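Notes for the structure review
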Amino acid sequence: MAVSFNKAPGIGETRDCTDPWNFVIVRSNGDVSLCCRSEVVGNVKSTPLPEVLESDKAKELRRGVWTGDLNYDCLRCSERGVSTIEDLRARVRKGVADRAAEEIASLRSERHVLRQIRSELLKERAGLRAHVEAIENERDRLVQHSSALQADVEHLREHASTLDGERPHLHGHIANLEREVRAIEDERGRLARHSSELQTELTRLQGHAKALESERPHLHGHIANLERELANFQAHVGNLERELANFPAHVGNLERGLEAVEGERERLARHSLALQEELTRLQDHAKTLEGERPHLHGHIANLERELASMNARLEAKRNPIKRILGLLKPDR
């Protein structure tokens, strides 16, 4: 089958084709063409696509269509008609300008988004730094609190040891009081027996006084002495009985004091154990915070690298604008 071709452009005319500025084909082997019929202008497996599009062959193809100095493939093209050079240039300029405007608007929008992301990252970095500082302050406070708790534990241990040392002394004091109470009881019994004996002696003397009326004055004097002695003994017995009555209350107070000391010792022991557990927990928490600190610093470093990468991407986005504006030059 014969291949039909559009007519060749005349003077002041060129092929009605904007593909070299708007179109690119990358084949499976990496070859790059600027339209479906043009020669290969490069290969992406050996050269990046932006460099291929700016290669001498690509520039020469665009220059030929731009000036009407067409190569063999463009002269024999059956897909595109003929246009004046000025009309083609106007459409190429408009297309390039439209794409540049769209690219610039897209870049501006992306730059705005990147600036917002950068602002948020800076805020997050500041927040993380403040959080790290707060964690370090908390760690210092926990270390101080741990030291204070350790001192409290040592003080409580010393106090418990002191209470343990006082316990035998209190038990001995109670035993001494109990022996003293028993001695007072014995003394009370002895005095009661002696009072009974004195009462018997008084009765006997009174009977003897009646029998010896002639000796009455002498006996009366002796009886008076015995009665005074009996009154003194009775007063002494009363004093001993009151003291004996007070001793159980005193012993009870000592026993309650001992029980209170025992309760305080047990409470201090439990409090000491709780403080020891709290100290262990705080030490573990301080270790955990210390372990998180490198991670937070690493996260801040990652955020700073990401911020630098976004700034580099923003800078890279400006290069296509320069390239597109360069396409508007007549020698391209």
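Note that the coordinates shown come from a computational prediction; the quantities given were computed from them, not determined experimentally. (Residues numbered from 1 in each chain as written. Predicted model: local features only at pLDDT ≥ 70, side-chain atom pairs only at ≥ 80, totals over all residues. Heavy atoms only, no water.)

1. Things to note about the overall build of the protein chain
Within the protein chain, the regular secondary structure consists of six helices and five strands. Going from N to C terminus, the protein chain has its helices and strands arranged as β-α-β-β-β-α-α-α-β-α-α. Against the 2.2 N^0.38 benchmark of 20 Å for 332 residues, the protein chain shows a C-alpha radius of gyration of 59 Å, more extended than a compact globule. Overall size of the protein chain, expressed as C-alpha extent along the three principal axes, is 190 × 35 × 30 Å. Expressed as a percentage of the 332 residues in the protein chain, the buried residues total 28%. Taking the intrachain contacts of the protein chain between residues at least 6 apart in sequence as the baseline, contacts between residues at least 24 apart amount to 71%. (Helix = DSSP H or I, 4+ residues; strand = E, 2+ residues; numbered from the N terminus. Rg over C-alpha atoms; globule rule 2.2 N^0.38 Å. Buried < 20%, exposed > 50% of the residue type's maximum accessible area, 1.4 Å probe, protein only. Contact = heavy atoms within 4.5 Å.)

2. Focus: the packing of aromatic side chains
This model, assessed by the stated rule, comprises one aromatic pair. With a centroid separation of 6.0 Å and an interplanar angle of 55°, the aromatic rings of tryptophan 21 and tryptophan 66 are classed as tilted. In this pair, tryptophan 21 sits in helix α1 (residues 19-22) while tryptophan 66 sits in helix α3 (residues 56-67), placing the two residues 45 residues apart along the sequence. An identical accessibility class is assigned to tryptophan 21 and tryptophan 66; each is buried. (Phe/Tyr/Trp six-rings, centres within 6.5 Å; stacked < 30°, edge-to-face > 60°.)

3. Side note on the nonpolar core
Formed by 20 residues in total, the largest nonpolar core has its most connected members in Leu121 and Leu275. Elements supplying a minimum of two residues to this core: α5 (85-211) and α6 (216-327). Dropping the residues within four chain positions of it, leucine 121 is found in contact with Leu303, Leu307 and Met310. Counting 15 residues, the second largest nonpolar core, distinct from the first, contains Leu34, Val52, Val65 and Trp66. (Core = buried A, V, L, I, M, F, W, Y, C linked by side-chain atoms within 4.5 Å.)

4. Quick word on the pattern of salt bridges
Within the structure shown, the criterion is met by 22 salt bridges. Of the charged contacts in the structure, one is a salt bridge between glutamate 262 and arginine 167, with a shortest N-O distance of 2.6 Å. Of this pair, glutamate 262 sits in helix α6 while arginine 167 is found in helix α5, placing the two residues 95 residues apart along the sequence. Looking at glutamate 262, the relative accessible area reads 19%, which means it is buried. Through salt bridges with shared partners, a single ionic network connects Asp16, Asp87 and Arg91. (Salt bridge = Lys/Arg side-chain N within 4 Å of Asp/Glu carboxyl O.)

5. Observations concerning the environment of aspartate 31
Positionally, aspartate 31 belongs in strand β3 (residues 31-33). Between the C-alpha atom of aspartate 31 and that of leucine 307, which follows or precedes it by 276 residues, the distance is 36 Å. In this structure, aspartate 31 is in contact with Ile25, Val26, Val40, Gly42 and Asn43, ignoring residues within four places of it in sequence. At 2.8 Å, the side chain of aspartate 31 and the side chain of asparagine 43 are in polar contact. (Polar contact = N/O pair within 3.5 Å; in protein donor to acceptor, adjacent residues only side chain to side chain.)

6. Quick notes on the confidence of the model for the protein chain
On average, residues of the protein chain score 85 in pLDDT, and 93% of them reach the 70 mark or higher. Here α6 stands out as the element of the protein chain with the lowest mean pLDDT, 81, in contrast to strand β4 (residues 42-43), whose mean of 96 is the highest. (pLDDT = per-residue confidence, 0-100.)

7. Looking at the sheet that holds β4
As summarised here, the arrangement of the three strands in space is β2-β3-β4, forming an open sheet in which the pairing is antiparallel. Of all the strands in the sheet, just β2 (25-26) and β4 have a single pairing partner and so form its edges. Where β2 lies against β3, two bridges are found, and the strand directions are antiparallel. Note that in β3 the partner of isoleucine 25 across the bridge is serine 33. (Pairing = 2+ DSSP bridges.)

8. Considerations on α3
Taking 1.5 Å of rise per residue, the 12 residues of α3 would be expected to cover 16 Å, and the 16 Å separating its terminal C-alpha atoms lies within 8% of that figure. Of the positions making up α3, those classed as buried are Ala58, Leu61, Arg62, Gly64, Val65 and Trp66. (Expected span 1.5 Å × (residues − 1).)

9. Description of a nonpolar patch on the surface
On the surface, Val24, Val26, Val44 and Leu49 cluster together into a nonpolar patch covering about 260 Å² of accessible area. With respect to the secondary-structure elements, leucine 49 resides in helix α2 (residues 49-53). (Patch = residues over 30% accessible without salt bridge, like charges linked within 9 Å, V, L, I, M, F, W, Y side chains within 5 Å. Areas by Shrake-Rupley, 256 points an atom, 1.4 Å probe, with all protein chains shown as cover.)

10. Brief notes about the environment of threonine 84
Positionally, threonine 84 belongs in strand β5 (residues 82-84). A relative accessible area of 41% means that threonine 84 is categorised as partly exposed. C-alpha of threonine 84 to C-alpha of glutamate 13: the two residues are 71 residues apart in sequence and 4.2 Å apart in space.

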